[in-house]
Amino acid sequence: MTYECLEVERDGHVAIVYLNRPPVNAQNAQMRAEIVEVFDSFNDDDDVRCVVLASKTAVFSAGADVSERPAIKQKGPGAYWRHNRLVRESSLAIQECNKPVIAAVNGPALGAGFGLMTSCDIWVASNNAYVSMPEINVGLAGGTALLQRVFGKSRARRMFFTGMKVSADELYRLGLIEASLPPEELMPYVMELAHEIASKAPIALRYAKEASQVTSSMPPREGYRFEQNITVALSKTEDANEAQRAFLEKRTPVYKGR
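Thresholds, definitions, all that
- Residues numbered from 1 in each chain as written.
- Predicted model: local features only at pLDDT ≥ 70, side-chain atom pairs only at ≥ 80, totals over all residues.
- Heavy atoms only, no water.
- Axes fitted to C-alpha atoms, helices over the stretch in contact; angles between N-to-C directions.
- Helix = DSSP H or I, 4+ residues; strand = E, 2+ residues; numbered from the N terminus.
- Left-handed = near helix turned anticlockwise from the far one by under 90°.
- Contact = heavy atoms within 4.5 Å.
- Nonpolar A, V, L, I, M, F, W, Y, C, P; charged D, E, K, R; others polar.
- 1 Å grid on protein atoms, 1.4 Å probe; cavity = no way out; pocket = protein on both sides within 12 Å on 5 of 7 lines; lining within 4 Å.
- Points joined across faces, edges and corners; volume = space filled by probe spheres on them.
- Domains from an automatic or database assignment.
- Buried < 20%, exposed > 50% of the residue type's maximum accessible area, 1.4 Å probe, protein only.
- Expected span 1.5 Å × (residues − 1).
- Arc of directions from axis to C-beta.
- Parallel < 35°, antiparallel > 145°, perpendicular 65-115°, else oblique.
- Phe/Tyr/Trp six-rings, centres within 6.5 Å; stacked < 30°, edge-to-face > 60°.
- Lys NZ or Arg CZ within 6 Å of the ring centre and 35° of its normal.
- Buried area = accessible area lost by both parts, 1.4 Å probe.
- Salt bridge = Lys/Arg side-chain N within 4 Å of Asp/Glu carboxyl O.
- Pairing = 2+ DSSP bridges.

### A few points about the packing of helix H1 (residues 29–43) against helix H3 (residues 79–95)
Point 1. Following both chains from N to C, one finds H1 and H3 inclined at 35°, their axes separated by 8 Å at the closest point. Relative to H3, H1 is oriented so that their crossing is left-handed. In this structure, H1 uses Ala-29, Arg-32, Ala-33, Ile-35, Val-36, Phe-39 and Asp-40 to contact H3, whose residues at the interface are His-83, Leu-86, Val-87, Glu-89, Ser-90, Ala-93 and Ile-94.
Point 2. Class assignment of the residues belonging to the contact of H1 with H3 gives a composition of 9 nonpolar, 2 polar and 3 charged.

### Comments concerning empty space enclosed by the protein
Point 1. Using the criterion set out here, one finds 1 cavity of 30 Å³ or more in the structure.
Point 2. Estimates place the volume of the largest cavity at around 50 Å³.
Point 3. Around the largest cavity sit Asp-45, Asp-46, Val-48, Arg-49, Asn-98, Lys-99, Pro-202, Leu-205 and Arg-206, which together line it.
Point 4. Of the residues belonging to the lining of the largest cavity, the class tally is 3 nonpolar, 1 polar and 5 charged.
Point 5. Residue-level mapping places the lining of the largest cavity at the junction of two domains, with at least three residues from each of domain 1 (6–199) and domain 2 (202–249).

### Observations regarding the environment of Ala-104
Point 1. Its place among the elements puts Ala-104 in strand S4 (residues 101–105).
Point 2. For Ala-104, a relative accessible area of 1% corresponds to the buried category.
Point 3. When the C-alpha atoms of Ala-104 and Tyr-189 are compared, they prove to be 9.3 Å apart, with 85 residues separating the residues in sequence.
Point 4. Beyond its immediate stretch of four places on either side in the chain, Ala-104 contacts Val-52, Leu-53, Ala-54, Phe-60, Val-124, Leu-186, Met-187 and Val-190.

### Concerning helix H11 (residues 238–249)
Point 1. Given a rise of 1.5 Å per residue, 12 residues ought to cover 16 Å, and the 16 Å separating the end C-alpha atoms of H11 matches this to within 8%.
Point 2. Among all positions of H11, only Asp-239, Ala-240, Glu-242 and Ala-246 are buried. The buried side chains of H11 occupy one side of the element, clustering within an arc of 160° when seen end-on.
Point 3. Close packing links the buried residues of H11 with helix H9 (202–215) and helix H10 (220–235).
Point 4. Just downstream of H11, Lys-250 is the residue with a positive phi angle, here 55°.

### What about the packing of H9 against H10?
Point 1. The N-to-C vectors of H9 and H10 enclose an angle of 170°; their axes lie 10 Å apart at closest approach. Overall, the two elements H9 and H10 adopt an arrangement that is roughly antiparallel. Each of Ile-203, Ala-204, Tyr-207, Glu-210, Ala-211, Val-214 and Thr-215 in H9 lies in contact with H10, whose residues at this interface are Gly-223, Phe-226, Glu-227, Ile-230, Ala-233 and Leu-234.
Point 2. Looking at the contact of H9 with H10 residue by residue, the class counts come to 9 nonpolar, 2 polar and 2 charged.

### Digging into the packing of aromatic side chains
Point 1. For the structure on display, the rule yields 3 aromatic pairs.
Point 2. Taking the centre distance of 5.6 Å and the plane angle of 85° together, the rings of Phe-39 and Phe-42 count as edge-to-face. Remark: Phe-42 and Phe-39 occur in helix H1; sequence separation between them is 3 residues, near one turn of the helix.
Point 3. Taking the ring centre of Tyr-18 as reference, the NZ or CZ of Lys-56 above it sits at 4.4 Å.

### Describing the side chain of Ser-91
Point 1. Mapped onto the fold, Ser-91 is located in helix H3.
Point 2. In this view, Ser-91 contacts Gly-115, Leu-116 and Ser-119; residues no more than four positions away in its chain are not counted.

### Points about unusual backbone geometry
Point 1. Note that the residue after Pro-22, namely Pro-23, is joined by a cis bond; omega there is 5°.
Point 2. In this model, Asn-25 sits at a positive phi of 55°, which is unusual for a non-glycine residue.
Point 3. The topology assignment puts Asn-25 in the loop between strand S2 (14–19) and H1.
Point 4. For Asn-25, a relative accessible area of 0% puts it in the buried group.

### Quick notes on the domain arrangement of the chain
Point 1. According to the domain assignment, the chain consists of domain 1 (6–199) and domain 2 (202–249).
Point 2. When the two sides are added together, the surface that domain 1 and domain 2 hide from each other amounts to roughly 670 Å², 55% of it contributed by carbon and sulfur.
Point 3. Three residues, Arg-49, Gln-95 and Asn-98, lead the burial of domain 1 against domain 2; their summed loss comes to 48% of the area buried on that side.
Point 4. The interface formed by domain 1 and domain 2 holds 1 salt bridge in total.
Point 5. For Lys-209, the salt bridge identified is with Asp-121, shortest N-O distance 3.0 Å.

### Some points on the sheet that holds S2
Across a sheet, paired strands are connected by hydrogen bonds in the backbone, their directions being either parallel or antiparallel.
Point 1. The sheet built from 6 strands is open, its strands ordered S1-S2-S3-S4-S6-S9 with mixed pairing. Lying at the two open borders of the sheet, with one neighbouring strand each, are strand S1 (6–11) and strand S9 (180–181).
Point 2. Bridge count between S1 and S2: 6 bridges; the pairing is antiparallel. Across the sheet, the residue bridging to Asp-11 is Val-14, located in S2.

Printed below as a string of structure tokens:
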């Protein structure tokens, strides 16, 4: 399938989704609809076991396409609500994808671009990348819920009130990203990690993604019980038995996805 604002490639069991709306991957309605479509498709694609979200341009994403806003106003009652719904759904499609998703952030991730990054499960960046929530600079105020999930209160509110930038090196120092790398090392690092994840038992990966999502909003007791129930369910699969035999026999397991 071809897209206007995305490019999709496959490398074994890894799918790579490239944002490709030059020059800065400003997110318009078309890009967001395509993100929802492609990530929903991965849920039903057993050949995909891990997804990488990257960019074909020097900017990961400069956020929302501000030039769309006048046109939204002209569409009449309900237009802004539909717009906001699509904004939410493009991020939720990534969060709720049943395959692990790695963000390869090769440049600035601003506003909604930072939102796409944080919708992924694992974050890796090049050392020329930075993040910010600059809505305050165009007279708007969005992103505080996201910022306060990622940063502590003071840093989150400083970013929200000022639009300040936080570099990849600072994100790494704070322990928020896996690595801050020279640009030429970013994709090799991310692809090695993606293939490592994709080598695991497919059913276990899906359950692991579900557990990560669901337990993040559960009280500890209920979250622990949820994970234990998953372990019981996985223990009855052929893949779990194969993994345990392979471990004892000191060989690479061969998974069948059942």
